[in-house]
Amino acid sequence: MGAAAGHLAWIKIASVRRVQHSCPGYRVWAAAARWKNAEMTRVVIIGGGPGGYEAALVGSQLGGEVTLIENDGVGGSAVLTDCVPSKTLIATAEVMTDVRQSADLGLRFGLQDQADVNGGVRVDLAAVNRRVVDLAKRQSCDITERVQRENVNLVVGKARLDGPDLVIAETADGELSFPADMILVATGAHPRELPEAKPDGERILTWTQLYGLTALPQRLIVVGSGVTGAEFASAYDALGCDVVLISSRDRVLPGEDAEAAQVLEDVFTRRGMTVLPRSRALSVKRDGDQVIVTLTDGRTMTGSHCLLAVGSLPSTAGIGLEEAGVILNQDGFIEVDRVSRTSARGVYAAGDCTGVLMLASVAAMQGRIAMWHTLGEHVSPLDLKTVSSTVFTAPEIATVGVSQKQVESGEVPARVMTLPLRGNARAKMQGSRDGFVKLICRNVTGIVIGGVVVAPRASELIFPVAIAVAQRLTVDQVSESFTVYPSMTGSIAEAARRLHGTGMIS
Ligand SMILES: Cc1cc2nc3c(=O)[nH]c(=O)nc-3n(C[C@H](O)[C@H](O)[C@H](O)COP(=O)(O)OP(=O)(O)OC[C@H]3O[C@@H](n4cnc5c(N)ncnc54)[C@H](O)[C@@H]3O)c2cc1C
């Protein structure tokens, strides 16, 4: 049993059977570990997305006996259908955006027709999507290998709770029971559908079905202008597709910084995208090779394909949660506190199934916090004020901390400084016209409490602002740090410099 067993008793708990798994060479067991230390905490995790697998790694590191039960593939929707595939597609779209803008930088491709905005570059969507799907599978396999290396018992199956301390998994080998000292529910979410708009997987699609396309849609109607809708509209527009974006609100990205959303909407329309504000889709019907979207005001739009991006629903139904004493809210999300505890003792939840903030990074942190809390480590409750996030459009929109809306409403007394990128030397060199840097700091102390970057690669540029927010740096501390000349980050330091002193600036 090895030296670590020491004075503790080791017992045999289950026989082991090898089961089929999509990652070649990896051994996935149908039952949990053959041997366990009788005094180890038995942790059973349902769902292998970022909320589940990151928790599994921490749980194992802290000496728990961890079983991870996953239905589809480790990495979860984040890796297999949502985050990773969309950002891989967007990586290709970014190159096309650069190609489109390259004429301004003096580049001419081949026998370029003046009217060809794509510089003679053709998109082979079948190849693009093959790469997307392969990369996602490889990423899932890499994570599978990692969790197995860390001694997590991986079980392929659909799990449900049988009370607050027992999990049942339906596997290819039948039902298996896993008694637990602690259960973490990390079952994620799935695309919402409209009653009159049923995806057919061919022309009426959810975001999980897009990667089956082998040719660019002639006209893609995107229903929903939140983050997912805006990202796919931006990507397909860059790939050369005629895109119509239907937004039920006054502007795209209603949940984001208003000025950032305005920049994006201006860029979208300048590029030729049709943006329909205050338009709500009532139904989407297939008519041969076409889709017809009917709006609530009676107008109709015709396209070759329709993407439904109308939000997500939690995957919490029918898995024994309420029977185990776990309270769900009216939308079916699991109610948790800031250390990921549910209302049932010993049952924790993390990620999209809690609806706290639907980001992979937040799911992972909620999962880790649950493990730290259960396994006796020091733990700080989840703090959403320091979470940075990005809308991966062109340009990208990255935000952290307090918003300008909170400042303007009087909720948070603070000062705001916005610098357009137009004045930044590096932006000029790169031909980036659209975007800005915004910093928000406390009135008297000058402590940075929020920021927005709208720029190419804003997802990377937000990090210094995120550090400033997390570490409570003042604008003077930020502006006294050297930036490279020329650089986009120079605008962050300049915004901080202009916020020096006290008083109200806007
Ligand atoms: C198109 C799109 C793009 C996104 N891009 C980003 C991004 O760029 N950055 C970012 O931070 N976030 C992004 N997100 C959000 C991110 O994908 C989610 O926040 C993240 O997936 C949440 O992780 P999770 O672990 O809660 O759930 P998931 O990743 O959904 O994983 C849950 C897993 O649980 C499994 N499961 C469910 N029920 C059971 C059961 N009963 N038994 C066994 N297994 C079960 C499922 O099979 C699934 O694998 C994006 C979302 C979408 C829709």
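Residues numbered from 1 in each chain as written. Predicted model: local features only at pLDDT ≥ 70, side-chain atom pairs only at ≥ 80, totals over all residues. Heavy atoms only, no water.

(A) Region of interest: the overall build of the protein chain. Of regular secondary structure, the protein chain possesses 12 helices and 27 strands. Compactness check: the protein chain gives a C-alpha radius of gyration of 25 Å against a globular reference of 23 Å for 506 residues, within 12% of the reference. For the protein chain, the spread of C-alpha atoms along the principal axes amounts to about 75 × 65 × 45 Å. Counting the 506 residues in the protein chain, one finds 50% classified as buried. (Helix = DSSP H or I, 4+ residues; strand = E, 2+ residues; numbered from the N terminus. Rg over C-alpha atoms; globule rule 2.2 N^0.38 Å. Buried < 20%, exposed > 50% of the residue type's maximum accessible area, 1.4 Å probe, protein only.)

(B) Molecular detail of the side chain of Ser60. With respect to the helices and strands, Ser60 occurs in helix α1 (residues 50-61). Among the polar contacts made by the side chain of Ser60, one reaches the main-chain carbonyl oxygen of Glu150 at a distance of 2.3 Å. Once you skip the residues sitting within four places of it in the chain, Ser60 turns out to touch Val66, Glu150, Asn151 and Val152. (Polar contact = N/O pair within 3.5 Å; in protein donor to acceptor, adjacent residues only side chain to side chain. Contact = heavy atoms within 4.5 Å.)

(C) Molecular detail of helix α5 (residues 227-238). For α5, spanning 12 residues, the distance from its first C-alpha to its last is 17 Å, which sits close to the expected 16 Å at 1.5 Å a residue. Along α5, 10 of the 12 residues are buried, which leaves the element largely enclosed by surrounding structure. All of the buried residues in α5 are Gly229, Ala230, Glu231, Phe232, Ala233, Ser234, Ala235, Tyr236, Asp237 and Ala238. (Expected span 1.5 Å × (residues − 1).)

(D) Geometry of the confidence of the model for the protein chain. Looking at the protein chain, the pLDDT average stands at 91 and 90% of residues meet or exceed 70. For the stretch residues 29-36, pLDDT sits under 50, and the model shows 41 contacts to residues farther than four places along the chain or on other chains. (pLDDT = per-residue confidence, 0-100.)

(E) Summary view of the sheet that holds strand β11 (residues 182-185). Overall, parallel pairing links the five strands, which are arranged β7-β6-β5-β11-β22 in an open sheet. At either end of the open sheet lies a strand with only one pairing partner, and these are β7 (153-156) and β22 (347-349). Taken over all neighbouring pairs, the strand axes of this sheet differ in orientation by 20 degrees on average, direction set aside. As judged from the five bridges shared by strand β5 (residues 42-46) and strand β6 (residues 65-70), these two strands associate in the parallel manner. Its bridge partner lying in β6, Arg42 is registered against Glu65. (Pairing = 2+ DSSP bridges. Axes fitted to C-alpha atoms, helices over the stretch in contact; angles between N-to-C directions.)

(F) Broad picture of the pattern of salt bridges. Across all of its chains, the model carries 24 salt bridges by this definition. The residue Arg278 makes a salt bridge to Asp250 at a minimum N-O spacing of 3.4 Å. Of the two residues, Arg278 sits in the loop between β16 (274-276) and β17 (281-287) while Asp250 sits in the loop between β15 (242-246) and α6 (258-270), which places them 28 residues apart along the sequence. Each member of the pair Arg278 and Asp250 is classed as exposed. With a shortest N-O distance of 2.9 Å, Asp297 and Arg299 are connected by a salt bridge. Judged by its relative accessible area of 36%, Arg299 falls in the partly exposed class. Overlapping salt bridges bring together Arg160, Glu170 and Glu175 as one network. (Salt bridge = Lys/Arg side-chain N within 4 Å of Asp/Glu carboxyl O.)

(G) Representation of the pairing of β11 in the model. Burial along β11 is two-sided: Met182 and Leu184 facing one way and Ile183 and Val185 facing the other are all buried. With four bridges joining them, β5 and β11 adopt parallel strand pairing. Looking at the pairing, Val43 lines up with Met182 of β11. In this structure, β11 lies alongside β22, joined through three bridges in parallel fashion. Bridge assignment links Ile183 to a residue of β22, and that residue is Val347.

(H) Molecular detail of the state of the cysteines. Applying the stated criterion to the full structure yields zero disulfides. Unpaired in terms of disulfides, Cys83 finds its nearest cysteine sulfur in Cys353, a separation of 16 Å. Exposure remark for Cys83: the relative accessible area of 33% places this residue in the partly exposed category. (Disulfide = S-S within 2.5 Å.)

(I) Highlighting the site of the ligand. The ligand sits among 36 residues. The nearest are Gly51, Glu70, Ala159, Asp352 and Ala360. A distance of 2.8 Å separates an oxygen atom of the ligand from a polar side-chain atom of Glu70. Between the ligand and Ala78, the relevant distance is 3.0 Å, taken from an oxygen atom to a main-chain nitrogen or oxygen of the residue. When the ligand is considered free in solution it has 990 Å² of accessible area, and contact with the protein chains removes 90% of it. Listing elements by their share of the shell around the ligand, those giving two or more residues are α1, β6, α2 (76-80), α3 (83-101), β8 (158-161), α5 and α7 (360-374). For the shell around the ligand, the class distribution of residues is 16 nonpolar, 14 polar and six charged. (Near = heavy atom within 4 Å. Areas by Shrake-Rupley, 256 points an atom, 1.4 Å probe, with all protein chains shown as cover. Nonpolar A, V, L, I, M, F, W, Y, C, P; charged D, E, K, R; others polar.)

(J) How the structure looks around a nonpolar patch on the surface. A contiguous nonpolar surface patch, about 270 Å² in accessible area, is contributed by Leu105, Leu107 and Phe109. Here Phe109 is to be found in the loop between α3 and α4 (125-149). (Patch = residues over 30% accessible without salt bridge, like charges linked within 9 Å, V, L, I, M, F, W, Y side chains within 5 Å.)

(K) Representation of the environment of Asp434 within the structure. Following the sequence through the fold, Asp434 ends up in the loop between α9 (425-430) and β26 (436-442). Taking the C-alpha atoms as reference, Asp434 lies 15 Å from Leu461; in sequence the two are 27 residues apart. Within the local environment of Asp434, its side chain forms a polar contact with the side chain of Arg270, the two groups lying 2.8 Å apart.

(L) Up close: the pairing of β26. The buried count for β26 comes to six of seven residues, which makes it a mostly enclosed element. Note that strand β25 (residues 414-420) and β26 share seven bridges and pair antiparallel. Directly across from Met417, in β26, lies its bridge partner Leu439. Strand direction decides the pairing type here: β26 and strand β27 (residues 448-455), joined by six bridges, are antiparallel. Within β27, the residue paired with Phe436 across the bridge is Val454. Hairpin connection between β26 and β27: a loop of five residues separates the two successive antiparallel strands, and Gly446 in this loop has a positive phi of roughly 75 degrees.

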